[in-house]
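# A closer look at the structure
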Amino acid sequence: MFPHASGQENQRRMTEKVLDEFKGICYKPGLQIWTINNMKMVPVPEVAFGNFFEGDCYIVLHGSCDTSQSMNIHYWIGTHSSQDEQGAAAIYVTQLDEYLGGSPVQHREVQGYESPKFKGYFKSGLIYKKGGVASGFKHVDTNVYNILRLLHVKGSKNVTAREVEVSWKSFNTGDVFLLDMGKAIVQWNSPQSNRKEKLKACMLAQDIRDRERGGRVQIGVVEGDCEEATPELMKVMNSVLGQRTGPLREAVPDDIPDQYQTANIKLYQVSDASGQLVVQEVASSPLTQSLLHSEDCYIVDVGGVSVSVWKGKRATNEERRAALERAVGFIKAKNYPPTTPVEVMSDGAESAMFKQLFKSWNEPGQTRGLGSTYTRGRIAKVDRVKFDVMELHAEPKLAAQQRMVDDASGEVQIWRIENLELQEVPRSTYGQFYGGDCYLVLYTYQKATKPQYILYMWLGRHATQDEITACAYQAVNVDNRYNGAPVQVRVTMGKEPRHFLAIFKGRLIIYEGGTGKPGVVSPDSAARLFQVRGTNEANTKATEVPARASSLNSNDVFLLKTGDLTYMWYGKGCSGDEREMGKTVADVLSKQEKQIVMEGQEPPHFWVALGGKAPYANDKRLEKETALHSPRLFECSNQTGQFRMTEVAHFTQDDLDEDDVMLLDTWEELFLWIGNSANQYEIQETYSSAAEYLKTHPAGRDADTPIITVKQGVEPPTFTGWFDAWDPHKWSGGLSYEEMKNKLGDSASVSQITVNLNDAALSRKSLGGDAINTAPGGPFNNSSAQNYKSQSALAPSYSPSCTRPGTLGPEVLRSRPPSELPLGADPDKREEYLSDADFESLLGCSRKDFQRLPKWRQSDLKKKAGLF
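Residues numbered from 1 in each chain as written. Predicted model: local features only at pLDDT ≥ 70, side-chain atom pairs only at ≥ 80, totals over all residues. Heavy atoms only, no water.

Spatially, the 10 strands line up as an open sheet ordered 2-1-4-5-6-17-16-15-13-14, and their pairing is mixed. With one partner strand each, in any of the chains shown, strand 2 (40-43) and strand 14 (278-284) form the two edges of the open sheet. Direction aside, neighbouring strands of the sheet carry axes that sit 25° apart on average. Set on the sheet, helix 3 (residues 83-99) makes contact with strand 1 (30-37), strand 2, strand 4 (57-63), strand 5 (71-77), strand 6 (105-110), strand 16 (306-311) and strand 17 (342-346); between it and strand 5 the angle comes to about 175°. With respect to the sheet, helix 8 (residues 323-333) is in contact with strand 5, strand 6, strand 13 (265-271), strand 14, strand 15 (297-302), strand 16 and strand 17, its orientation differing from that of strand 16 by roughly 145°. (Pairing = 2+ DSSP bridges. Helix = DSSP H or I, 4+ residues; strand = E, 2+ residues; numbered from the N terminus. Axes fitted to C-alpha atoms, helices over the stretch in contact; angles between N-to-C directions. Contact = heavy atoms within 4.5 Å.)

Within the protein chain, residue pLDDT values average 76, and 76% of them lie at 70 or more. Long-range and interchain partners of residues 1-5, a stretch whose pLDDT sits below 50, account for 12 contacts in this model, where long-range means more than four residues apart. Within the model, pLDDT remains below 50 along residues 620-627, and this stretch shows 18 contacts once partners closer than five positions in the same chain are excluded. (pLDDT = per-residue confidence, 0-100.)

Turning to helix 23 (residues 855-864), a few remarks are in order. Taken residue by residue, helix 23 has Arg857, Gln858, Leu861 and Lys862 as its buried positions. Axial view of helix 23: buried residues confined to an arc of 135°, hence all on one face. Away from its buried face by more than 90 degrees, helix 23 exposes Lys855, Trp856 and Lys863. Two residues or fewer past helix 23, glycine 866 is found with a positive phi of approximately 75°. (Buried < 20%, exposed > 50% of the residue type's maximum accessible area, 1.4 Å probe, protein only. Arc of directions from axis to C-beta.)

Let us now look at the pattern of salt bridges. Applying the stated criterion to the full structure yields 20 salt bridges. Two residues, aspartate 180 and arginine 149, come together in a salt bridge whose shortest N-O distance is 2.9 Å. One end of the pair, aspartate 180, is in strand 10 (residues 176-180); the other, arginine 149, is in strand 8 (residues 149-154), and 31 residues separate them in sequence. Side by side, aspartate 180 and arginine 149 carry an identical accessibility label, which is buried. Close ionic contact of glutamate 467 with lysine 517 constitutes a salt bridge, the shortest N to O distance being 3.1 Å. Note that glutamate 467 is positioned in helix 11 (residues 465-481) and lysine 517 in the loop between strand 26 (508-511) and strand 27 (528-533), a separation of 50 residues in sequence. For the residue pair glutamate 467 and lysine 517, the accessibility class agrees, reading buried in each case. (Salt bridge = Lys/Arg side-chain N within 4 Å of Asp/Glu carboxyl O.)

A few words now on the packing of aromatic side chains. One pass over the structure, following the stated rule, counts 36 aromatic pairs. Relative to phenylalanine 118, the ring of phenylalanine 52 lies with its centre 5.8 Å away and its plane at 55°, an arrangement referred to as tilted. Separated by 66 residues along the polypeptide, phenylalanine 52 in strand 3 (residues 51-53) and phenylalanine 118 in helix 4 (residues 116-120) bring together distant segments of the chain. The pair phenylalanine 52 / phenylalanine 118 is uniform in exposure class, with both members buried. A connected cluster of aromatic rings, assembled from ring pairs, spans Phe52, Tyr58, Trp76, Phe118, Tyr121, Phe122 and Tyr128. Stacked on the ring of tryptophan 667, the Lys or Arg arginine 701 has its end atom at 4.0 Å from the ring centre. (Phe/Tyr/Trp six-rings, centres within 6.5 Å; stacked < 30°, edge-to-face > 60°. Lys NZ or Arg CZ within 6 Å of the ring centre and 35° of its normal.)

This is the structure in structure tokens:
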């Protein structure tokens with residue numbers, strides 16, 4: 001891809017000046033962007049972020065906004081960029097990675113085929129602009145309004161806009177177009193465009209107005225299937241584009257996105273020990289972390305969809321520096337498309353997506369077992385921290401990670417499916433579940449004095465298909481009884497989530513078979529064996545296992561119930577806490593006499609009851625490590641006429657679309673978030689796609705991973721905790737497309753869009769002249785700095801939304817400078833003006849609990865809630 005001689009010479013020259021080039025570049029939250037100009041990195045002004053010239057290459061450095069301070073370096077290749085520019089960008093990326101300590105992940109991005117991560121940086125969309133440095137095209141002009149261009153907008157989640165010929169010939173019947181005339185923008189919506197595409201294009205137009213033009217642009221909207229409703233705007237369009245002489249062409253279907261993951265993963269070892277580059281396949285999915293050795297470099301081929309390069313810590317400098325070039329060579333050797341995405345990372349700085357390709361990925365400082373966490377400081381010592389359930393609401397992210405909505409002290413009601421109908425279970429048997437039955441468990445708890453509901457559907461391993469179907473049907477009935485408020489959780493026997501365990505306070509017993517239905521006699525064997533797992537009331541359950549010696553395990557407590565005695569068998573590896581929980585379960589399981597049996601001191605009758613001695617698991621257990629996997633969000637929609645799942649990178653609450661179903665994968669659980677306007681087909685397809693997603697995952701995911709249904713507006717903290725700064729009032733304050741369009745109409749009526757139709761700048765004859773320029777997107781220079789400086793518009797006025805005398809609504813207090821607060825309001829004590837309900841919703845705890853927190857924690861919560 002890069003000419004060998006010129007590439008080496010460029011690298012030599014650039015290496016000599018690398019310190020000067022990178023001086024001042026360091027970790028910063030957010031974006032830093034450079035374009036390659038005369039083989040040098042030239043910074044792009046922030047106002048031009050998101051604008052990319054097709055003839056240029058760009059380097060984009062993104063620093064995460066969390067405590068990890070992780071970095072990603074992307075180099076973007078324009079369609080018409082030169083080979084020298086591409087080679088220079090690749091060299092700069094490699095050297096910048098070394099300059100920053102090797103921790104950033106490198107990505108290769110090709111115009112039109114950018115990764116979801118890259119597109120996610122630019123929420124308003126990407127704009128592809130004609131020209132570039134190599135073509136001598138002018139990037140900026142002193143008159144920012146002397147512009148005429150037509151933008152072809154595509155996409156409803158990750159939006160791209162490409163400059164096309166300013167003519168009706170560029171239009172089609174399926175997409176949205178923006179006619180940008182400097183001081184006026186007309187949005188034309190094709191007859192087949194959907195609401196989301198129109199909304200995203202409208203947001204892009206507003207972003208151009210506010211960020212590039214200081215708010216001094218009028219925006220109008222034309223509906224392509226009702227052009228006669230806006231005759232003045234059509235007059236403007238026709239004067240610029242000329243009269244339309246024939247029908248518009250049909251829309252080109254959107255490219256079908258690559259599968260969100262593929263099971264066809266292969267690992268290749270890269271070596272040049274023999275003096276030649278050798279790439280050798282070493283494994284296929286499912287991959288394990290132990291396959292990666294720090295002395296080598298590896299290529300992971302994700303079924304031709306993407307390529308990742310892993311650089312071992314002890315690999316040679318030559319191997320590490322050549323990693324990106326080798327990845328490109330690998331793509332050529334495999335005859336993959338040149339647009340195939342590439343990411344390069346160092347040992348110890350792997351991306352979240354890379355880790356998801358492995359069956360397990362363990363790191364220091366992660367959660368171990370249940371009920372405890374480990375934190376690692378600067379030295380190697382690991383401190384154990386007791387999990388405090390009281391912090392769940394004060395710290396939503398903790399609630400999500402621990403999968404606990406509260407301390408499980410709410411109200412419980414249980415039904416069993418009998419004759420395909422609901423039959424309430426006697427409270428005396430709560431916590432006892434039979435493998436031949438299906439149950440509905442309704443859990444009620446309070447949040448901000450308002451009841452919240454979780455509806456668990458527990459499906460026994462031996463229940464009939466009719467009972468499983470009836471359980472789902474009855475769950476819908478119970479859900480309707482509570483106006484759709486319950487969060488629905490499907491629980492497969494043996495895969496009970498932590499909160500479900502906590503509900504029963506250490507008294508949960510799961511019988512392998514049989515039924516709890518009255519009048520049905522279950523065959524009672526001479527002996528029944530139960531394995532007890534857990535260290536406290538919040539994480540303990542007893543599960544029936546085959547009553548034979550081979551079922552024993554030296555690391556656990558077992559209860560052996562015989563006709564006249566219950567043995568409590570303590571394995572050598574179990575802890576004192578586990579033994580105490582074993583006693584608690586034994587008292588629930590049986591009223592018989594209990595006898596403690598230590599491993600290695602069993603009486604003969606114990607072995608007789610189990611059918612004789614036999615080998616069993618007695619290796620010392622290493623505490624199970626729960627892999628740290630970053631959550632992933634997918635949009636599930638059929639608005640294009642075909643059901644698709646599209647990943648959303650850098651997701652926020654704003655990415656939850658009311659028209660769709662969203663799938664949130666937190667590894668331990670899958671959440672299906674159902675928007676208020678989602679259609680039934682999407683809901684059905686998403687559930688089946690979620691099961692397929694687990695089945696085909698390259699890491700060999702458990703097919704019985706809990707799938708939790710969450711409805712818009714009643715999200716539990718186990719869901720909202722995965723989103724930064726969750727706003728419980730968002731759904732009542734967001735603007736729909738129609739509302740946004742009407743708002744534009746109010747402030748920019750047709751009479752205000754005044755365009756001089758005789759102006760040469762808008763005459764079709766001048767389209768090729770020098771008078772027409774494009775919007776910003778090039779390198780920063782002093783002469784253009786003032787041009788790009790965005791002028792802040794007047795802040796909108798708000799009327800206080802008071803719930804009682806002395807209180808103010810969140811919309812008045814959040815994320816506002818002190819000058820915009822109501823007269824007399826103390827900016828340092830904004831939380832004191834909230835109602836009790838708003839206080840708990842925003843800060844996640846009551847006023848009393850908030851006062852108990854240390855000052856630094858109070859300040860942290862206030863910052864996250866926008867009250868600082």
